[in-house]
Amino acid sequence: MGKLRPGPHPLRNLLLLLWTLLNCTLGGSAQGSGEWTLWGSWSPCSSSCGRGLSVRSRRCIRLPREELCWGNTHEYRLCQLPDCPPGAVLFRDLQCSLYNGHPVLGPQKTYQWVPFYGAPNQCDLNCLAVGHAFYHSFGRVLDGTPCSPGSQGLCVAGRCLSAGCDGLMGSDAREDHCGRCGGANDSCLFVQRVFRDAGAFAGYWNVTLIPEGARHIRAAHRSRNHLALMVSDGSYVLNGNWAVSPPGTYEAAGTRVVYTRATGPEETLHAAGPTSQDLLLQVLLQEPNPGIEFEFWLPRERYGPFQEQAQALSWSLRQPQPREVEPQPPETPVVPAAIPPRTLTPSPEPCPPCPDTRGRAHRLLHYCGSDFVFRARVLGRLYQAQETRYEVRVQLVYKNRSPLRALEYVWAPGRCPCPLLALHQEYLLAARRLVSSDGTQDRLLLPDAGYARPWSPAEDSRGIPRAHLG
């Protein structure tokens, strides 16, 4: 018979289990990293005004032979306080001034110190000795010191860091096109179109509505036309009322609009948004429209109403001051809003003589019954269909129902208008305002047998009151 083997001992098995667990936990390749405690509370802002830093910390708890925790022990957040008052001492200036009158480079010599920004590391406290050609580095600047004048970065532990959209220094978090921090552009829609309406008349044409909440707005074109921007109350921000605005930055609808106009025929408009109210983008046509590109990002919930408003307005509406324009070949850029003088071929058919309209009574009759009385030089003449269009430069206004531009078109009925105006001559004109029933055509009309006398200095001595050229 064989021997009976003794069964497993319970105590020996328990000791073996404990030894295995300890060996896996504390030794060999089974080591792990420690664990972080919860973040502490944020500290007060490092600055009493302007931008500063707030910091919070945490600790790594680990057992013997465990690896260090992954991550940082401190986290810095941007804090924004009201702007510092004028004349306040800058933070870096204050740090340099702490060494004023103290011996630094020797036991006897002292200096007055001001910040020096030409050193390689902008987060070192580099200070220039006043009246001397050297600077000294006093180590790192205090956390929260601006990296350089006008910089958005702040020094943190000797490094220049910028805040992400989450406010944390050194964070890579960025807003998406919809304005959501760390978003994926899924809460808004991208509107990108080209306005190609050729424009039968010069003047203001609607291009697009830019709804409230729009972001990353851009519009651009290449022509002698001008982009115009109107707010919801009907007032212009850019290029309104026949006046061309200078390039620059303008405030509109809660955002900054950057308007640029190159030396060539290129014009652009940019705004970061979001807009706090609707804007209306228009174009002031001076020549046929080659196409206006525009784009913006719009919250999804606003896209439907935007489409309805766009269809309701139908974008063919015009301002009540259009003038008809002709297609023109490419030419050298001229001063904005100027129309180059040109001489056009007169009608080859002879015209019958015009009736005599001289006399004081005739002059007063036309003055009282006209909307405009002004002195002008004839720059050009064009026969179109059964009308004659004069291009004139307004010299002096005696009477005006609405403002006149320096360059205007004056229309006369027929190919042989009476009176007939000679090119490059100055006239005293009495014109009427003619507006079409649909409001798309607004003209200065010189009626048949109307008043147009060659101007002479004697006209100013005949008691005609003057108005101001608008």
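The numbering scheme is per chain: residues are counted from 1 as the chain's sequence reads. Predicted model: local features are reported for residues with pLDDT of at least 70 only, side-chain atom pairs are reported and counted for 80 or more only, and whole-chain, interface and lining totals are derived from all residues. Side-chain numbers here rest on the full set of heavy atoms in the structure, without hydrogens or water.

J.: What exactly am I supposed to notice about the packing of aromatic side chains here?
T.: Ring pairs (aromatic) are described by centroid distance and by the angle formed between their planes. Any two of the Phe, Tyr and Trp rings considered here, Trp counted by its six-membered ring, make a pair once their centres fall within 6.5 Å; the pair's planes then place it as stacked at under 30 degrees, edge-to-face at over 60, or tilted in between. Applying the stated criterion across every chain, the model contains 12 aromatic pairs. Between Tyr-99 and Phe-138, the ring centres sit 3.9 Å apart and the planes meet at 15°, which makes this aromatic pair stacked. Note that Tyr-99 is positioned in the loop between helix H2 (91-97) and strand S5 (113-115) and Phe-138 in strand S7 (residues 135-140), a separation of 39 residues in sequence. Chaining the aromatic ring pairs together yields one cluster made of Tyr-99, Tyr-111, Trp-113, Phe-134 and Phe-138. Note on criteria: charge over ring means Lys NZ or Arg CZ within 6 Å of the ring centre, with the direction from the centre no more than 35 degrees off the ring normal. The ring of Tyr-409 is capped by Arg-389, whose NZ or CZ atom sits 4.0 Å from the centre of that ring. The ring of Trp-411 carries the charged tip of Arg-443 above its face, separated from the ring centre by 3.7 Å. Counting from the N terminus, the helices are DSSP H or I runs at least four residues long and the strands are E runs at least two residues long.

J.: Honestly, the state of the cysteines in this entry has me stumped. Any pointers?
T.: Note on terminology: a disulfide is the covalent bond linking the sulfur atoms of two cysteines. The disulfide criterion used throughout: a pair of cysteine sulfur atoms within 2.5 Å. The final tally for this structure, using the stated rule, is 8 disulfides. Two residues share a disulfide in this structure: Cys-60 and Cys-69, whose sulfurs sit 1.9 Å from each other. Looking down the S-S bond of the Cys-60 and Cys-69 bridge, the torsion is 80°, so its handedness is right-handed. Accessible area is worked out with a 1.4 Å probe on protein chains only. A residue is then buried under 20% of its type maximum, exposed over 50%, and partly exposed in between. Residue class for Cys-60 comes out partly exposed when judged on its relative accessible area of 27%. Taking the relative accessible area as the measure of exposure, Cys-69 reaches 11% and is therefore buried. Between the sulfur of Cys-123 and that of Cys-155 lies a disulfide, 2.1 Å long from S to S. Taking the sign of the torsion about the S-S bond as the criterion, the disulfide between Cys-123 and Cys-155, at about -90°, is left-handed. Residue Cys-123 is located in the loop between S5 and strand S6 (124-129), and its partner Cys-155 is located in strand S8 (residues 154-156); the two are separated by 32 residues in the primary sequence.

J.: Can you walk me through the pairing of strand S23 (residues 407-413) in this structure?
T.: Every other side chain in a regular strand lies on the same face of the sheet, so the side chains alternate between the two faces. For S23, the tally of buried residues reaches 6 of 7 residues, placing the bulk of the element in the interior. With 7 bridges connecting them, strand S22 (residues 387-400) and S23 associate as antiparallel partners. Looking at S23, one finds that Arg-389 is bridged to Trp-411. Two strands pair if DSSP finds at least two bridges between them. Linking S22 back to S23 in an antiparallel pair, the connection comprises 6 residues. Sheet topology note: the S23/strand S25 (residues 442-445) ladder contains 2 bridges and is parallel.

J.: Would you take a moment to explain the sheet that holds S6 for this structure?
T.: In any sheet, the strands associate via hydrogen bonds between backbone groups, in a parallel or an antiparallel arrangement. Taken in spatial order, the 3 strands of this open sheet run S5-S6-S7, and their pairing is antiparallel. Each end of this open sheet is capped by a strand with a single partner; those strands are S5 and S7. Neighbour-to-neighbour, the strand axes of the sheet open up by a mean angle of 35°, direction not taken into account. Here S6 runs beside S7; their pairing, made up of 4 bridges, is antiparallel. Bridging from a neighbouring strand, Asp-124 pairs with Arg-140 of S7. Every axis in this analysis is a line fitted to C-alpha atoms, fitted for helices over the stretch in contact. Angles between the N-to-C directions lie between 0 and 180 degrees.

J.: Sorry if this is basic, but what is going on with the side chain of Glu-426 here?
T.: Position of Glu-426 among the secondary structure elements: in strand S24 (residues 426-435). Nitrogen and oxygen atoms within 3.5 Å of one another constitute a polar contact, given that in protein one can donate a hydrogen and the other can accept it, and given that sequence-neighbouring residues count only through two side-chain atoms. Here the side chain of Glu-426 touches Arg-375 through a polar contact of 3.2 Å, side chain to side chain.

J.: I'm lost on unusual backbone geometry in this one. Help?
T.: With an omega dihedral of 0°, the bond running from Gly-273 to Pro-274 counts as a cis peptide bond. Its location among the elements puts Pro-274 in the loop between strand S17 (266-271) and strand S18 (279-285). Note the cis peptide between Cys-418 and Pro-419, where omega equals 0°. The phi dihedral of Trp-242 falls on the positive side, at around 65°, and the residue is not glycine. The residue Trp-242 is located in the loop between strand S14 (236-238) and strand S15 (248-252) in this model.

J.: I tried to follow the side chain of Asn-206 on my own but got confused; where do I start?
T.: Tracing the chain through its elements places Asn-206 in strand S11 (residues 201-210). Here the side chain of Asn-206 touches Gln-282 through a polar contact of 2.7 Å, side chain to side chain.

J.: Whenever I open this one, the sheet that holds strand S19 (residues 292-299) confuses me. Can you help?
T.: Ordered by their spatial adjacency, 6 strands build an open sheet running S10-S19-S12-S17-S16-S15, and the pairing between neighbours is antiparallel. One side of each edge strand has no neighbouring strand; the edge strands of this open sheet are strand S10 (188-195) and S15. Within this sheet the neighbouring strands show an average axis-to-axis angle of 15°, counted without direction. Direction of pairing for S10 relative to S19: antiparallel, over a ladder of 8 bridges. When the sheet's bridge partners are listed, Val-191 is paired in S19 with Phe-296.

Shape is all these values report; function is a separate question.
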